[in-house]
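# Survey of secondary and tertiary structure
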Amino acid sequence: MGVRGLTTYIAANAERYLEPFELHDCDLVIDGDNLCFQLYVRSEAGMGAFGGNYDNFYRAVLDFFALLRKCSIRPWVLLDGGYEACKLKTVRQRMLGRIQFIKHVKVGSNRLLIPLLMREVFVDALRAIKVPFMRCLFEADNEIAVLARKLDCPVLSYDSDFYIHNVRYIPYVTLSHKVYRKTIQNEENFQIELVSKKAKVKSKLLAKEGTSEILPEQIQESYNYLDCSLYTIENLIGSAHKLKPEMLPLFATLLGNDYIERRILKTFYASMTVGKTNRKVPREKRKILGILRWLQHHTVQSATNTILGQIKERNRQKLKRQLRGAMHGYNCEECDSFEYFGFEEESQYDDVEEADEDVMLEEDRAEKQLNALESGNSAGQVETTENQETDFFEGEEDDEQDNSENDNNEEQTEDEDDGETDNGEVDEDAPVEDPDLEDTFEWEDWVVDLFRAGRTPRFVMDLYRSGLYINYPQVEDIHKPDSNALCYDLLKLIFALLMNGKKRQSFRYLTRCQKVTQFRWMKFYDVTLPDNLKYDPHKPKNLSLFKALLESLSTDSGLLEAVKLLPPNLRLYFLSIVYWANKCSDVTSIHVHTLIVCLMQLLVIDKHLSNRKRDVKVFLTNYKSNLESMKRTYKKVELKEETLTKNLIAELCKKVSKIEAILSYDLFINFFHINERQTRKHAEFDRFLAHTFAQLQAVTLNMFTLNALLQHPFESCKMYELYNGLFTHNVYHAMKIRTDPINYLEGTIYRYSGTMMIIHRLLFDWVRAAVPQLESRLETKRLTKTALKPKITKPGERKLEVVANDCIDADLLESSEDDGEGFSDLNNQFSQLLQIS
């Protein structure tokens, strides 16, 4: 949810509010979505333009939890779910900022855009290393805080909300990614070592207290730990501010969060004065200090009376609801994850429960005060401290006016449309959700179980509960429809499955506009399952319904039989490729070749590599002495025609030797790096290609969701084994300039591995059989690119007649020979240099 300005304030006063802490041998509750983003930032610096290097991110997640395991830390990960109604305005603002950034995105930009499938890769990593996790139905902050209190352990996140929650909080940015070992003989004699990541390398001694050497038999205690900083609520409300804990939720709402609109409190801020201040102190810091001082002279009742008395009457009921919701969120003690993770209430938690009861009593008292407050009867004046000399919030009113103007501009964008509804209609009104819907909505167990287990993306909860789909744009071409527009049919099927047996038949769709940096609302009506199709969510591996749904989209009826010839881990992905290639006319055989090369690297070559950091220097250091000898002694497998059978590809993959993999990786490794020319000041970014691959990711996500709702008739796509955005961009640009891609694959890409070339050809032939128009698309695009544009003649200038492609015009070739003129190959920019000699 976020409390405005609080993170900056705490960071500026870290020595006062944060304490050094050694994290080891304990439980740790983790804000999953926040950690997911932080690890992506750490692993993908400068890579945001390419749409996701999922293999790098996957390894970063594994490495992080390996650090926790070395320090005997037991992680419990909670993930965010759907958006609450109060968050919708924040979502629109973030989307607008993201659209504006996408329009000007450049290679090497430090700002990152969340790739579409990042959260699914994060869940795959958690599942692979057996880290317990749960996806909450809505925002996870309250659940995280309650679970941490019940387990009496710290929280790891980077969210200012946890400065207000009564928990021990570790800001992620303070956590070291290095493991230290502390060996203690006594208080006066101990030493600290940096534990090397390599088992054979000796630990490095960093610090030592005492002069005597610690012998093994003298060790009193020894443990590994992660260095970090710890925050507790007492640091904020201690003797300096004397603020009661029950006032903290009100403090957070006054600072501003996603529940409270700041412009509603404009009058309150303007009338609030609290004494002398240093004008050199930033306004946000003055505001925090001022609210802390003001609240320490109030109770919850007197503070709420004063606040409500200073706002317009028409806003009071709304603000009362928002205050109640915000305060309930900070004080809530309901915890589904405690039972989900298998914990049971025991006597060791009795003291905690008694403390929680006190908090709940205060919460009930505050709620009764809010309910008893009637509009117009509590219009009190703002109470102030003594010696009121300086307007503490000078300039706040102007700031709020600016915010108000931005709000008005934002509201105008909701109704804007580019005239294309794409089978939907523009929704003139922004979605309004009934605040009492939470109490009346009927949750189905199968949906809740599927969602909590992380088997579906988080957008499923928005569709299911609110009939809303929020389409955050990827890195794409803003002049084209959004990349998810290709998936409307799949999205309708997903919604129809979720609404099976329910009355709702329409949903709203929030996305970007075409050509302009704004967002728009669309609405899809009469969304139901095809006639004569029945859906049983409890039926395992509902393949027959999956087949019927694909046939309803006019997909080849024999496709599901043909896909059985592929390995199980590739079937759903290749179904997505076929859907993408059929729906998108921009997809050519070069795109498909590129994707196959990428999965060969990630799925086959990487299996034989001990180091996958993609560092050329490290690779050469490890293999330089052996590469030349490998090249001299290696005998390439002869290419032969193979007929695809059920287990053939899996058998061929096993035959790829380590030498083949290393020699091929020597050719591939440069594809994992940004070309220097791409980072130049005026270098152009290929948005057309980025948009095409963004469409593939959108299709894959929707296929992934459809597969999950049908109880996994296919194995889920593991994108960390299939897709790397930077790699695919580089391979595509290397292949598109080749006149014969197959020869380039045989002679360069798979120069040292005939086996991988055979696998590549089998996979490509399978796609080409399902999408026969691929080759014709490629020829058409090549003719278009090589065609000469008619020259505009000036008055008095002789007009030359130009044919579409003189390279293949026989008459023109004959006349050129007769005239003694040299032949000019338009596919070779250097061909005319031959005429000079």
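Quantities reported herein were computed from a predicted structural model and do not represent experimental measurements.

## Some remarks on the overall build of the chain
Within the chain one finds 34 helices and 14 strands. In the chain, which comprises 837 residues, the share counted as buried stands at 53%. Sequence separation of 24 or more characterises 78% of the internal contacts of the chain that already satisfy a separation of 6 or more. Surface accessibility of the chain: about 40200 Å² in total, with carbon and sulfur atoms responsible for 47%.

## Some points on the packing of aromatic side chains
For the structure shown, the criterion picks out 40 aromatic pairs. Here Trp-76 and Phe-343 contribute two aromatic rings whose centre-to-centre distance is 4.9 Å and whose plane-to-plane angle is 65°, an arrangement assigned as edge-to-face. Highlighted residues: Trp-76 in strand β3 (residues 73–79) and Phe-343 in the loop between α14 (336–340) and α15 (350–372), separated in sequence by 267 residues. The partly exposed category is assigned to Phe-343, whose relative accessible area is 23%.

## Topic: the confidence of the model for the chain
Per-residue confidence for the chain gives a mean pLDDT of 79; residues scoring 70 or more make up 76%. Here residues 347–356 scores under 50 on pLDDT; set against residues more than four positions off or in separate chains, the count is eight contacts.

## As for the sheet that holds strand β9 (residues 204–209)
The strands making up a sheet associate through backbone hydrogen bonding, with each pair oriented either parallel or antiparallel. Read across the open sheet, the five strands follow the order β1-β10-β7-β8-β9; overall the sheet is antiparallel. Each of the sheet's edge strands pairs with one partner strand only, and the pair in question is β1 (19–23) and β9. Strand-to-strand twist across the sheet, computed as the mean angle between neighbouring axes with direction ignored, equals 35°. Bridge count between strand β7 (residues 179–186) and strand β10 (residues 221–230): six bridges; the pairing is antiparallel. Opposite Arg-181, over in β10, you have Asn-224 as the bridge partner.

## Quick word on the sheet that holds strand β5 (residues 155–157)
The strand order β4-β3-β2-β5-β6 describes an open sheet built from five strands, whose pairing is parallel. Bordering the open sheet on either side are β4 (133–135) and β6 (169–171), each of which pairs with just one other strand. On average, each strand axis in the sheet is inclined to that of its neighbour by 25°, with strand direction left out of account. Where strand β2 (residues 26–31) meets β3, six bridges bridge the pair, whose relative direction is parallel. Within β3, the residue paired with Ile-30 across the bridge is Val-77. Sheet strands touched by helix α6 (residues 118–128): β3 and β4. Its angle to β4, the strand with the most contacts, is close to 150°.

## Structural notes on the environment of Leu-560
Within the secondary structure, Leu-560 is located in helix α22 (residues 559–562). With relative accessibility at 8%, the residue Leu-560 sits in the buried group. The contact partners of Leu-560, leaving out residues within four places of it in the chain, are Leu-543, Phe-546, Lys-547, Leu-550, Leu-575 and Phe-714.

## What about unusual backbone geometry?
Here Lys-130, not a glycine, exhibits a phi torsion of approximately 60°, which is positive. When its relative accessible area of 75% is taken as the criterion, Lys-130 is described as exposed. With phi around 80°, Lys-515 is a residue other than glycine that occupies positive phi space. Within the element layout of this structure, Lys-515 appears in the loop between β13 (507–512) and β14 (519–524). A relative accessible area of 54% places Lys-515 in the exposed class.

## Details of the packing of helix α28 (residues 687–709) against helix α29 (residues 725–736)
Running from N to C, α28 and α29 point in directions that differ by 125°, and their axes come no closer than 11 Å. One finds that α28 runs oblique with respect to α29. Helix-helix and strand crossings are classified by hand; for α28 and α29 the assignment is right-handed. For the pair α28 and α29, the contacting residues are Leu-689, Ala-690 and Phe-693 in the first and Thr-728, His-729, Tyr-732 and His-733 in the second.

## Here's the deal with helix α3 (residues 32–43)
The periodicity of an α-helix, 3.6 residues per turn, causes residues three or four places apart in sequence to face the same way. Here α3 is 12 residues long and its end C-alpha atoms lie 16 Å apart, about the 16 Å a rise of 1.5 Å per residue gives. Residues of α3 that are buried include every one of Gly-32, Asp-33, Asn-34, Leu-35, Cys-36, Gln-38, Leu-39 and Tyr-40, and no others. Residues of α3 that are buried sit in contact with β2, α4 (54–70), β3, α6 and β5.

## Notes on a positive patch on the surface
A cluster of like positive charges, contributed by Arg-42, Lys-70, Lys-178, Lys-197, Lys-198, Lys-204 and Lys-613, occupies part of the molecular surface. The topology assignment puts Lys-197 in the loop between β8 (189–194) and β9. With relative accessibility at 70%, the residue Lys-197 sits in the exposed group.

## Digging into the nonpolar core
Ranked by size, the top nonpolar core spans 163 residues in total, and within it Phe-64, Phe-65, Phe-546, Tyr-573, Phe-574 and Trp-580 carry the most contacts. A total of 12 residues in this core trace back to one element, the largest contributor, which is helix α24 (residues 589–605). If sequence neighbours within four positions are ignored, Phe-546 has contacts with Leu-560, Leu-572, Leu-575, Met-703, Leu-706, Asn-707, Leu-710, Pro-713 and Phe-714. With 57 residues, the next largest nonpolar core counts Trp-76, Val-155, Ile-164 and Ile-233 among its residues.

Criteria and thresholds
- Residues numbered from 1 in each chain as written.
- Predicted model: local features only at pLDDT ≥ 70, side-chain atom pairs only at ≥ 80, totals over all residues.
- Heavy atoms only, no water.
- Helix = DSSP H or I, 4+ residues; strand = E, 2+ residues; numbered from the N terminus.
- Buried < 20%, exposed > 50% of the residue type's maximum accessible area, 1.4 Å probe, protein only.
- Contact = heavy atoms within 4.5 Å.
- Areas by Shrake-Rupley, 256 points an atom, 1.4 Å probe, with all protein chains shown as cover.
- Phe/Tyr/Trp six-rings, centres within 6.5 Å; stacked < 30°, edge-to-face > 60°.
- pLDDT = per-residue confidence, 0-100.
- Pairing = 2+ DSSP bridges.
- Axes fitted to C-alpha atoms, helices over the stretch in contact; angles between N-to-C directions.
- Parallel < 35°, antiparallel > 145°, perpendicular 65-115°, else oblique.
- Left-handed = near helix turned anticlockwise from the far one by under 90°.
- Expected span 1.5 Å × (residues − 1).
- Patch = residues over 30% accessible without salt bridge, like charges linked within 9 Å, V, L, I, M, F, W, Y side chains within 5 Å.
- Salt bridge = Lys/Arg side-chain N within 4 Å of Asp/Glu carboxyl O.
- Lys, Arg positive; Asp, Glu negative; His and termini not counted.
- Charge placed at Lys NZ, Arg CZ, Asp CG, Glu CD.
- Core = buried A, V, L, I, M, F, W, Y, C linked by side-chain atoms within 4.5 Å.

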